[in-house]
Amino acid sequence: MSKPILEVTNISLSRAQNLVVRDLSFSVSSGEIIQLSGSNGSGKTTILRALAGLIMPDNGRVARLGEKVGNTTPSSNSVIYIGHRHGLEENLSPLENLNFLSQVSTPSPIRDGVSVLGTLGLKTSMHVLTTRLSAGQKQRVSLARLLMFDAPLWLLDEPFTALDTSSKKQLENMIDAHLDRKGAVVLATHQTFNCKSQVINYSLPVIV
Amino acid sequence: MTLFPRTVNETTSRELRKTFRNPSEIFYPLIFFVLVLTMFPFAIPPVPGLFNSIASGILWTAALLAISLSLETLFKADYRSGALEVIHLSGADLVLVGVGKSLGHWIISGLPIALLAFPIGWALDLNFLTLWVLVLTLMLGSATMSLTGASISALTVGLRGGGFLLVMLTLPFFVPLLIFGSSAATNASLGIVPEAELYFLGGMFVLSLTVAPWATAHAIRIRLG
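Model, not experiment: these values are computed from the prediction.

Novice: I tried to follow the packing of aromatic side chains on my own but got confused; where do I start?
Specialist: Aromatic ring pairs are reported here in terms of the distance separating the ring centres and the angle at which the planes meet. Following the criterion strictly, the structure yields 6 aromatic pairs over all chains and no others. Between phenylalanine 26 of chain A and tyrosine 202 of chain A, the ring centres sit 5.1 Å apart and the planes meet at 40°, which makes this aromatic pair tilted. With phenylalanine 26 of chain A in strand β2 (residues 18-28) and tyrosine 202 of chain A in strand β9 (residues 199-203), this residue pair connects regions lying 176 residues apart in the sequence. Assessed through its relative accessible area of 6%, phenylalanine 26 of chain A is described here as buried. Taking the centre distance of 6.3 Å and the plane angle of 80° together, the rings of phenylalanine 128 of chain B and tryptophan 132 of chain B count as edge-to-face. With phenylalanine 128 of chain B and tryptophan 132 of chain B both in helix α7 (residues 128-156) and 4 residues apart, the pair spans about one turn of that helix. Counting every residue linked through ring pairs, the aromatic cluster contains Phe118, Phe128 and Trp132 of chain B. Looking at arginine 85 of chain A, its charged tip hangs above the ring of tyrosine 79 of chain B, at a distance of 5.9 Å from the centre. We note lysine 168 of chain A situated over the ring of phenylalanine 160 of chain A; from NZ or CZ to the ring centre the distance is 5.6 Å.

This is the structure in structure tokens:
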């Protein structure tokens, strides 16, 4: 049996010194998708940031592909994290933003910025300054990283925010294709979405 | 073949490109620098030779403050937009990103201020040797400020009152540069070769180039956590 892509063992997490997640454990294997749900403040974003290696749990262990995650050495070749913020420099065009990433990232991208932006329907706006794009267009540029880099684990925080119906459908197809390629997805969303695979739902309680 | 590693080149050109599209970031420090220098003569008594003897010190002080003020913006936009997070998770070498950011900051703030010091110093009646020493010390000193300041800017980005904290934390590092930089120019105006001061400034630059980018990388990781 293959190793799980992600193993979370008894993690506790704090935000601004308040405990938001207590003793959470789960694992994600190839082809699986996990949806984190719960009301505002239940710690969905905090969990995703911990899984990405951006914050360290107070207790417990997060391992990707059997390797413990630390915030000093993000294993960029095993994860792509799409957070709340789009992560784009407003005074650069979408293509310039992606080209910069493709030049500095390790490992190198599997597709170039032009083709990825074309796939996402942003061919005509790839040279426009990001500051002039709509919220939905910025979100699509942010999602371009999913197609540009090859990583088995996708961590998606409210990925459907600001997307129109066709873009939402395209993201659902991208998730399906990723799961077919034996990838795994952990996402936090309040929206309903369609997925070919069965979605495992984790409902997070609010810790008072 | 390029002079710097690819990550440094790409980071620097990204910094320059985004700043030239929002040029107020370049002009504010320069305007501040010029304004301080044009206002100062009105505030001192009209004693012959007084201004000439303190001009290099005033030029250095104005340059130091202008560069300190410009440091706050170095990581601010990237932190707020989440771009810093994306860069970190992309597996980019943060040490080289720190060097690229510092180099971009120096080209945008330190270099123009050092070059602008030449015509301003000439207008303030500084002699030719003093002007050259002033420009050289400002170039070395501002490069050191960009490298050291980048690490403190990364450490204070996103904090409430971070701008004030940044100035308070950078000044102790910058004061020795001010002392040796202005002293070099003053000695040059007296006809003394400022060898010791130039060695000190060169040494400080090499030390900051060796240490500061690692501190910047670590500070980015701390702030993102």
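Novice: Could you clarify how one ought to interpret the sheet that holds β9 of chain A in this entry?
Specialist: Paired through backbone hydrogen bonds, the strands of a sheet run either parallel or antiparallel to each other. All names here are of chain A. Taking strand neighbours across the sheet as the criterion, the 5 strands line up as β6-β7-β8-β3-β9 in an open arrangement whose pairing is parallel. Each of the sheet's edge strands pairs with one partner strand only, and the pair in question is β6 (79-82) and β9. Averaged over all pairs of adjacent strands, the angle between strand axes in this sheet comes to 15°, irrespective of strand direction. The strands touched by helix α1 (residues 44-52) within the sheet are β3 (33-37), β6, β7 (153-157) and β8 (184-188), with β7 carrying the most contacts at an inclination of about 150°. Here helix α5 (residues 165-180) sits on the sheet and contacts β3, β7 and β8; the angle it forms with β8, its principal contact strand, is near 145°.

Novice: Just to check I follow, could you spell out the sheet that holds strand β5 (residues 67-68) of chain A for this structure?
Specialist: Residue and element names in this part refer to chain A. The sheet built from 4 strands is open, its strands ordered β2-β1-β4-β5 with antiparallel pairing. Each edge of the open sheet carries a strand with a single partner, namely β2 and β5. Summarising the sheet, strand β4 (residues 59-64) and β5 pair through 2 bridges and their orientation is antiparallel. By the bridge assignment, arginine 64 is partnered in β5 with glutamate 67. Running over the sheet, α1 touches β1 (6-15), β2 and β4 and is turned about 125° from β1.

Novice: Any chance you could explain the pattern of salt bridges here in plain terms?
Specialist: Between side chains of opposite charge, a pair can form when the charged atoms approach closely. Applying the stated criterion to the full structure yields 15 salt bridges over all chains. Between glutamate 172 of chain A and lysine 169 of chain A there is a salt bridge, and its shortest N-O distance comes to 4.0 Å. In this pair, glutamate 172 of chain A and lysine 169 of chain A are both assigned in helix α5, 3 residues apart and thus about one turn of the helix distant. Through salt bridges with shared partners, one network takes in Glu89 of chain A together with Arg14, Glu15, Lys18, Asp78 and Lys101 of chain B.

Scoring rules and cut-offs
Residues numbered from 1 in each chain as written. Chains lettered and ligands numbered in written order. Predicted model: local features only at pLDDT ≥ 70, side-chain atom pairs only at ≥ 80, totals over all residues. Heavy atoms only, no water. Phe/Tyr/Trp six-rings, centres within 6.5 Å; stacked < 30°, edge-to-face > 60°. Helix = DSSP H or I, 4+ residues; strand = E, 2+ residues; numbered from the N terminus. Buried < 20%, exposed > 50% of the residue type's maximum accessible area, 1.4 Å probe, protein only. Lys NZ or Arg CZ within 6 Å of the ring centre and 35° of its normal. Pairing = 2+ DSSP bridges. Axes fitted to C-alpha atoms, helices over the stretch in contact; angles between N-to-C directions. Contact = heavy atoms within 4.5 Å. Salt bridge = Lys/Arg side-chain N within 4 Å of Asp/Glu carboxyl O.

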